[in-house]
Structures are given as structure tokens and as C-alpha cells.
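Each chain, written out:
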Amino acid sequence: MNVILFVFAGRKQNMELQLPLVRRIITEHPNVQYHVWNLSRNDDDNHYLRAIEGERINVLNDYFGIAPWLGFNAVYRHYAHNPKYRDHLFVKVDDDVVFIETGRFGEFVDAVNGNRASVVTAKVVNNGACTPTEPGLWSGFEALSLPLLDVHRSGEYAVMSHTYMFKHWREMVGQPVKLIKTRDWLSINTIGYDWRMVRKIARRVGTPSPGDIAGRSFTPGIKIGDEGMVNMLPRLIFQGFLTAHLSFGPQHAHLTDAQLSLWRKRYAAIGQQYLDA
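The structure displayed is predicted, hence computed values, not measured ones.

## Considerations on the packing of aromatic side chains
Following the criterion strictly, the structure yields 19 aromatic pairs and no others. Ring centres of F6 and Y76 lie 6.2 Å apart, and the angle between their planes is 85 degrees; on these two criteria the pair is classed as edge-to-face. Residue F6 is located in strand β1 (residues 2–9), and its partner Y76 is located in helix α3 (residues 68–80); the two are separated by 70 residues in the primary sequence. Residue class for F6 comes out buried when judged on its relative accessible area of 1%. Both rings, one in F6 and one in Y79, keep their centres 5.2 Å apart while their planes meet at 50 degrees; by these two values the pair is tilted. Of the two residues, F6 sits in strand β1 while Y79 sits in helix α3, which places them 73 residues apart along the sequence. What makes Y79 buried here is its relative accessible area of 1%. Of the aromatic side chains, those joined through ring pairs into one cluster are F6, F8, W37, Y63, F72, Y76, Y79, Y85, F90 and Y193. Taking NZ or CZ as reference, R216 lies 4.3 Å from the ring centre of W185, over its face.

Right under this line is the structure:
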């Protein structure tokens with residue numbers, strides 16, 4: 001089964017952490033291609049992305065310079081409208097997915113293949129829907145006394161999530177494999193699906209949303225993005241494949257550049273230790 005691992009790429013500082021992990025995946029899985037969609041917003045990031053090279057790594061600049069959400073929609077339609085991808089599976093990651101449990105990537109893909117009626121997500125650190133699957137993260141979340149739907153706005157939640165990951169990542173990798181249904185709002189930081197699901201998402205993105213999706217209310221007539229569309233579909237969390245998501249845009253107002261830089265250094269160290277093990 002051929003697999004497209006694709007990323008909506010922009011930020012050099014994050015991509016530098018993701019690339020070594022993806023290269024390990026590519027080395028261990030000859031059926032995987034990595035598509036880097038260049039949606040960067042400044043010259044430094046753009047030049048960095050265009051220089052990325054490697055076996056089965058393709059940098060795609062087709063939608064460079066357009067609004068990111070238009071780029072997201074265009075990428076889905078690129079895959080959906082091309083029948084050469086009919087027999088492919090897809091794994092989509094954000095560019096700020098800064099840790100990937102590469103040794104479980106194959107099992108994650110098998111779960112995607114075996115559950116084609118659902119969108120399958122990794123167990124993601126700094127992701128509301130995934131928080132209940134890790135007791136330590138859940139107890140930390142409960143201590144914050146905020147709604148699960150609002151974690152993407154909370155700097156405290158980001159601090160709690162990453163602090164827990166830094167202390168416990170060795171216990172969090174290699175966990176028993178388990179598929180968990182969720183009805184919570186899923187942030188789509190690391191998700192997998194087949195071509196038919198890509199086509200389903202592509203048909204609906206950019207169309208008016210219903211008033212409520214997975215407990216979140218929307219202004220009538222607002223257009224659905226890929227995340228909203230995914231949350232209208234069956235969703236499964238794959239415990240046993242761990243990734244870490246650095247930050248949401250609304251969290252940035254509560255985080256300093258120094259804090260984010262420190263976290264990146266910690267994830268660089270964790271990634272290297274994991275790959276060297």
C-alpha cells in the first residue's frame with residue numbers, strides 16, 4: 001500500500017525538528033513518499049523549504065503565496081481529483097508536529113487501512129481530544145479547570161502538556177496498541193485516511209458549515225475548513241503511535257518566543273535520543 005505523508009509546511013524552526021524523524025520513516029518504509037507543501041510566509045522559510053532534498057521527498061510550491069486556508073483546500077483537491085492516488089493512503093501532519101514515534105508508523109498505517117470509514121489520529125500531545133487517553137495529561141488538564149474545547153486557546157494547557165511530555169516521553173512511547181472512539185473536537189495535527197475520505201473532505205471544504213460541529217458552535221454560513229469537516233466524520237484515536245504538536249495559533253498570545261525556543265530545543269534532544277536508541 002503506497003502512502004503519502006504530507007505536511008502543510010511553513011516554519012523552518014519546526015520543520016528542522018520534523019525532518020530527521022520523517023527521514024527515518026522513509027528509510028524504514030519504502031512505500032512512503034513525503035510531500036512538503038510550501039505555504040511559507042517569509043523569505044527565510046521559503047528558501048529553506050525549497051532546498052529540502054532526499055529520496056522520496058518532494059517539495060511542492062504550487063500554492064506558495066496564497067492564503068494558507070486556500071492552500072489547505074487546494075491540496076485536498078489536488079489529491080482528490082487525481083485518480084493516480086486512488087490506491088494510496090494519506091497521513092497528514094502539521095509542520096509543528098515536532099516529535100513522531102517512527103517505530104509505530106507502520107502500525108498506524110495498518111490501522112488507517114483497516115478503518116477506512118473513519119479518520120484515524122495519532123495520540124497527540126497538545127491536542128484536546130487525545131488528552132483523555134493519557135491519565136497524567138488528563139489529571140493535569142482537570143487541574144486547569146477549563147473546557148476541553150478551549151485548550152487551543154490556553155497557554156497553561158500547552159505548558160502542562162509539554163512539561164508532561166518532557167518528563168514522561170519514554171513511558172509514552174511503545175504503549176499498547178488500542179483504537180479509541182472519540183466524539184470530542186479533534187485538532188487534526190496527525191491524521192490518516194484513504195483516498196475516498198480525501199475526496200469526501202475535498203467536496204465539503206469551503207462550503208457553508210452547519211451551526212454545530214462536535215460541540216462547537218459556528219456562525220451560520222461560515223465556510224468549513226478541513227478540521228471542521230474531519231469533525232463531522234467518525235474519528236478514532238490510535239493509542240500506540242505518539243506525536244507531539246508544538247502550539248496552536250491562539251496559544252501564542254500566552255507564550256513567549258523564548259518559551260517556544262526552549263521547547264524546540266527540548267524536542268530536538270528528545271528526537272535525537274529516540275532515534276539513537
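Continuing now.
## Concerning the pattern of salt bridges
Where charged atoms from two side chains of opposite charge come close, those side chains can pair. All chains considered together, the criterion is met by seven salt bridges. Residues R104 and E107 are paired through a salt bridge, measuring 3.3 Å at the closest nitrogen-oxygen approach. Residue classification places E107 among the partly exposed positions, given a relative accessible area of 37%. As a salt-bridge pair, R116 and D194 come within 3.4 Å of each other at their nearest N and O atoms. Here D194 lies in strand β8 (residues 190–194) and R116 lies in the loop between α4 (105–114) and β6 (119–125), a separation of 78 residues in the sequence.

## Some details on the pairing of β8
For β8, the buried fraction is high: five of the five residues fall into the buried class. Here β8 shows two buried faces, one formed by T190, G192 and D194 and the other by I191 and Y193. Judged from the two bridges that link them, β6 and β8 form a sheet pairing that is antiparallel. By the bridge assignment for β8, V120 is matched with G192.

## Details of the layout of surface pockets
In this structure, the largest pocket encloses a volume near 1400 Å³. Surrounding the largest pocket, 48 residues form its lining, F72, D226, E227, F248 and G249 being those nearest its centre. Counting residues per element, the ones that place at least two in the lining of the largest pocket are β1, α3, β4 (88–94) and α8 (226–230). The element that contributes the greatest number of residues to the lining of the largest pocket is α3, accounting for four residues. Across the lining of the largest pocket, the residue classes break down as 18 nonpolar, 15 polar and 15 charged.

## Structural notes on the nonpolar core
Formed by 61 residues in total, the largest nonpolar core has its most connected members in M15, Y34, F99, F105, M165 and Y267. When residues of this core are assigned to their parent elements, the largest contribution, eight residues, is made by helix α6 (residues 155–172). What F105 contacts, discounting residues up to four positions off in sequence, is V3, L5, I25, H29, V32, V91 and F241. Judged by nonpolar contacts, the second largest core, of 28 residues, contains I188, A202, V205 and V230.

Calculation rules
- Every chain is numbered independently, its residues counted from 1 as its sequence is written.
- In keeping with the predicted nature of the model, local features appear solely for residues at pLDDT of at least 70, side-chain atom pairs appear and are counted solely at 80 or more, and the whole-chain, interface and lining totals rest on all residues.
- Side-chain metrics in this entry use all non-hydrogen atoms of the structure; hydrogen atoms and water are not considered.
- We call Phe, Tyr and Trp rings a pair once their centres come within 6.5 Å, taking the six-membered ring for Trp, and we label the pair stacked below 30 degrees between planes, edge-to-face above 60, and tilted otherwise.
- Strands are runs of DSSP state E lasting at least two residues, helices are runs of H or I lasting at least four, and both sets are numbered from the N terminus onward.
- Burial classes follow relative accessibility: with a 1.4 Å probe on protein chains only, a residue under 20% of its type's maximum area counts as buried, one over 50% as exposed, and anything between as partly exposed.
- Here, a charge over a ring is recorded when the distance from Lys NZ or Arg CZ to the ring centre is within 6 Å and its angle to the ring normal is within 35 degrees.
- Just to be clear on terms, a salt bridge is a Lys or Arg side-chain nitrogen sitting within 4 Å of an Asp or Glu carboxyl oxygen.
- If DSSP finds at least two bridges between two strands, the strands pair.
- Both site types are read off a 1 Å grid over the protein atoms alone. A 1.4 Å probe that fits but cannot get out defines a cavity, while an open set with protein on both sides within 12 Å along at least five of seven lines defines a pocket; lining residues have an atom within 4 Å of a point.
- Grid points are joined across faces, edges and corners, and a volume is the space filled by probe spheres set on the points.
- Throughout this entry, Asp, Glu, Lys and Arg are counted as charged residues, while Ala, Val, Leu, Ile, Met, Phe, Trp, Tyr, Cys and Pro are counted as nonpolar. The remaining residues, Gly among them, count as polar.
- The nonpolar core is taken to be a set of buried Ala, Val, Leu, Ile, Met, Phe, Trp, Tyr and Cys residues, with the residues joined through side-chain atoms within 4.5 Å.
- Here a residue-residue contact requires only that any non-hydrogen atoms of the pair lie within 4.5 Å.

Without other data, these values stay purely geometric and don't point to any function.
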